[in-house]
Amino acid sequence: IIRKYGIVDEHSPESVAEAAKLGTVVREKDIKGRTDFRPLTTVTIDGETARDFDDAITLEKLPNGHYWLGVHIADVAHYVREGSALDEEAYERATSVYFPERAVHMFPSELSTGLCSLNPRIDRLVQSCLMEIDARGTVVRYELHDGVINSNERMTYTDVNAIITDHDPEVTARYQPLVPLFETMGELFEILNKRRRRRGSIDFDLKEPEIILDDQGMVEQIIALERNIAHRLIEEFMLVANETVAQHLHDHNVPTLYRIHETPDPLKVAEFEEFIETLGYGLGTDAENIQPKHFQKLVTKMRGTPEEKPIAFLMLRTMQKARYDPENSGHFGLAAESYTHFTSPIRRYPDLVVHRTLRE
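Parameters at a glance
Residues numbered from 1 in each chain as written. Predicted model: local features only at pLDDT ≥ 70, side-chain atom pairs only at ≥ 80, totals over all residues. Heavy atoms only, no water. Buried < 20%, exposed > 50% of the residue type's maximum accessible area, 1.4 Å probe, protein only. Helix = DSSP H or I, 4+ residues; strand = E, 2+ residues; numbered from the N terminus. Pairing = 2+ DSSP bridges. Patch = residues over 30% accessible without salt bridge, like charges linked within 9 Å, V, L, I, M, F, W, Y side chains within 5 Å. Areas by Shrake-Rupley, 256 points an atom, 1.4 Å probe, with all protein chains shown as cover. Salt bridge = Lys/Arg side-chain N within 4 Å of Asp/Glu carboxyl O. Lys, Arg positive; Asp, Glu negative; His and termini not counted. Charge placed at Lys NZ, Arg CZ, Asp CG, Glu CD. 1 Å grid on protein atoms, 1.4 Å probe; cavity = no way out; pocket = protein on both sides within 12 Å on 5 of 7 lines; lining within 4 Å. Points joined across faces, edges and corners; volume = space filled by probe spheres on them. Nonpolar A, V, L, I, M, F, W, Y, C, P; charged D, E, K, R; others polar. Axes fitted to C-alpha atoms, helices over the stretch in contact; angles between N-to-C directions. Parallel < 35°, antiparallel > 145°, perpendicular 65-115°, else oblique. Left-handed = near helix turned anticlockwise from the far one by under 90°. Contact = heavy atoms within 4.5 Å. Core = buried A, V, L, I, M, F, W, Y, C linked by side-chain atoms within 4.5 Å. Phe/Tyr/Trp six-rings, centres within 6.5 Å; stacked < 30°, edge-to-face > 60°.

Undergrad: Any chance you could explain the pairing of strand β2 (residues 43–46) here in plain terms?
TA: On β2, burial covers both faces: V43 and I45 on one face and T44 and D46 on the other are all buried. Of the strand pairs in this sheet, β2 and strand β9 (residues 153–156) are connected by four bridges, and their pairing is parallel. In the sheet register, T44 faces β9, and the bridge partner there is R154.

Structure, rendered in C-alpha cells:
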C-alpha cells in the first residue's frame, strides 16, 4: 500500500534535523506566559497500541453543579513554524497513515511520539479549550488558553471501560485515585450525548473492522472493533471542543478551515426513500425539507433489526461527503452550526491550520 499510493516512508533529513534540534523536553522559556494546568488531575485515554497522544482531559464538578471540562491538545503549532522543513513536509503528507501494526507519521517520531505527544508524567505544551457545561449539555462559558500540562496517567479504553461499566475490582483498585474522575466523565458523556440526540445528530454506530495479523504479518482474521463507553466519551468530548473552537473562530470572523457536511442532494434522498419504503420504513418528510433528525429517527427505529446495516450503509451513501472549507456552512450529520478539526494536530494538517488561526 505504501508503494502503491506513493506514501513517503522516511522523513527528509532536513525535517528530522529540525525535529531533533527542538530537543526532547519542554524548555522553561517555552512555558513562560502559559496557563499552568500541571496541578490538575489529567489523563489521556487511547487504544492499547496508540503511540501518539494528541489529547488529554481534565474535568471537575463546579459548586453550581455544572461541569468544567478541559480538552488539552498537543501544541504542535508552537514547534512547527510555517515554511519550515517540518511544515512543508507535513503539508505534503496532509495526514499520518495508520496500518494494523505500524504508522507512517505526518511528523518525524521525535515530534509525533516524542516532544508533541502528551506522554504521562512529563511536561507538555498544549492549546486548551475549557468549557463550563450545564445539566442540559449546553456550553454556557468557555476559555481558550496556551497551556502546559503534566498528564497523570496514560489510560486505555479497555481499562476505563472496566472501571465505568464493569466495575472490575482489580482495575478499579489499580487506578483508585482516578476512579471519581472517570465516573464524572461517564455522567458528562450521558449529558452531552443526549444533547446531540435532541438536536438531531445522526449516530450510526457502525462497527469498524479490526485486522488481526499473525506472526508472519499475514491477515489472520477480521473482527468487529467493539466501541465501549470510553471510546464514546472521548469522542463526545472532542466533538464539543471542536464545535466550541469552530464557533469561536466564526464569531470572531477569523479565516480558518471548517469541517463542513452539506445537506444531501434531494434526488439521492428521494431514491433512498423509495428503497426503504419497500422495507416498510420512511423518513417522514419530503426530500426538499430533509433534516438530520429525520435520519436520526430512522436509525433509532432500525436499531437491532436485520436490515439495519444495509440501510445504514445506503444512508451514508445518500449523504454528501464531509470536507474542509474556508466557508462555514455547518455540519449536517452532527446537526452543528459550526464544526472544525482542532483535536488532532499531530496527525492531521488541517488541525494545525486551525491551531494557528486560533493563536492569531
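Text resumes after the structure shown.
Undergrad: Which parts of the structure should I look at to understand a negative patch on the surface?
TA: Together, D265, E271, E274 and E277 give the surface a local cluster of negative charge. Structurally, the position occupied by E277 is in helix α10 (residues 266–277).

Undergrad: Please clarify how the layout of surface pockets should be interpreted in this entry.
TA: Gaps left between atoms show up when a probe the size of a water molecule is rolled over them. Its volume calculated, the second largest pocket comes out at about 250 Å³. What lines the second largest pocket is a set of 16 residues, and nearest its centre among them are R195, E243, T244, Q247 and S338. Every element with two or more residues in the lining of the second largest pocket is listed here: β8 (139–150) and α9 (229–251). By residue number, the principal contributor to the lining of the second largest pocket is α9, which donates six residues. Here the residues of the lining of the second largest pocket are counted per class, giving six nonpolar, four polar and six charged.

Undergrad: Would you take a moment to explain the packing of helix α8 (residues 179–198) against α9 for this structure?
TA: Two numbers describe a pair of packed helices, the interaxial angle and the distance between the axes. Remark: α8 packs on α9, axes separated minimally by 9 Å, with the N-to-C direction vectors making an angle of 60°. Comparing their axes, α9 and α8 come out oblique. For α8 against α9, the interelement crossing comes out left-handed. Across the interface between the two elements, M185, G186, L188, F189, L192, N193, R195, R196 and R197 of α8 pack against I229, R232, L233, E236, F237, L239, V240 and E243 of α9. Split into classes, the residues belonging to the contact of α8 with α9 amount to nine nonpolar, two polar and six charged.

Undergrad: Help me understand the pattern of salt bridges, please; the structure alone is not making it clear to me.
TA: A pair can form between side chains of opposite charge whenever their charged atoms are brought close. Under the criterion given, the structure shown has 26 salt bridges. Between R359 and D75 there is a salt bridge, with the nearest N and O atoms lying 2.6 Å from each other. Taken together, the residues span a long stretch of sequence, with R359 in helix α13 (residues 349–359) and D75 in the loop between β4 (67–74) and α3 (76–79) at a distance of 284 residues. D351 is paired through a salt bridge with R348; the nearest N and O atoms lie 2.8 Å apart. R348 shares its class with D351; the two are buried. Ionic contacts of the salt-bridge type, sharing partners, join the residues R34, D75, D146 and R359 into one network.

Undergrad: Looking at this structure, how should I read the nonpolar core?
TA: Within the largest apolar cluster, 44 residues are counted, with the highest numbers of intra-cluster contacts made by I45, L69, F182, M185 and F237. Broken down by element, the residue count for this core peaks at eleven residues, all from α9. Membership of the second largest hydrophobic core comes to 30 residues, among which are F37, Y79, L115 and C116.

Undergrad: Quick question: what am I supposed to make of the packing of aromatic side chains here?
TA: Pairs of aromatic rings are described using the distance from one ring centre to the other and the angle between the two planes. Counted under the stated rule, the structure contains three aromatic pairs. With 5.4 Å between their ring centres and 85° between their planes, Y91 and Y349 make a pair best called edge-to-face. One end of the pair, Y91, is in helix α4 (residues 85–93); the other, Y349, is in helix α13, with 258 residues separating them in the sequence. Judged by centre distance (6.0 Å) and plane angle (80°), the ring pair of F295 and F332 falls under edge-to-face. Of this pair, F295 sits in helix α11 (residues 292–302) while F332 sits in the loop between β13 (323–325) and α13, and the two are 37 residues apart along the sequence. Classification of F295 as buried rests on a relative accessible area of 0%.

Undergrad: Can you help me understand the environment of D203 in this one?
TA: When you line up the elements, D203 lands in the loop between α8 and β10 (208–213). Residues D203 and A17, spaced 186 residues apart in sequence, show a C-alpha to C-alpha distance of 44 Å. If we skip the residues at most four places from it in the chain, D203 touches N193, R196, R197, R232, V299 and R303.

Undergrad: How do you make sense of the packing of α4 against α13 when you look at a structure like this?
TA: Packing of α4 against α13 leaves a shortest axis separation of 9 Å and a crossing angle of 130°. Judged by the angle between their axes, α4 and α13 are oblique. Only Y349, L352 and R356 of α13 make contact with α4, whose side of the interface consists of D87, A90 and Y91. Residue composition of the contact of α4 with α13, by class: four nonpolar, no polar and two charged.

Undergrad: Explanation requested: unusual backbone geometry in the structure shown.
TA: Excluding glycine, residues mostly carry a negative phi; peptide bonds, for their part, are mostly trans. With a phi close to 55°, R121 is a non-glycine residue in the positive phi region. With respect to the element layout, R121 can be found in the loop between α5 (109–115) and β7 (123–133). Residue A335 is not a glycine yet carries a positive backbone phi of 50°. In this fold, A335 is placed in the loop between β13 and α13.

Undergrad: Please explain α13 as it appears in this structure.
TA: The α-helix winds at 3.6 residues per turn, so residues separated by three or four positions along the chain end up facing the same way. Where burial is concerned, most of α13 is hidden: nine out of the eleven residues are buried. Turning to α13, its buried residues number three or more, namely Y349, P350, D351, L352, V354, H355, R356, T357 and L358.

Undergrad: When you look at the side chain of T318 in this model, what are you seeing that I'm missing?
TA: Within the element layout of this structure, T318 appears in helix α12 (residues 308–318). Residue classification places T318 among the buried positions, given a relative accessible area of 6%.

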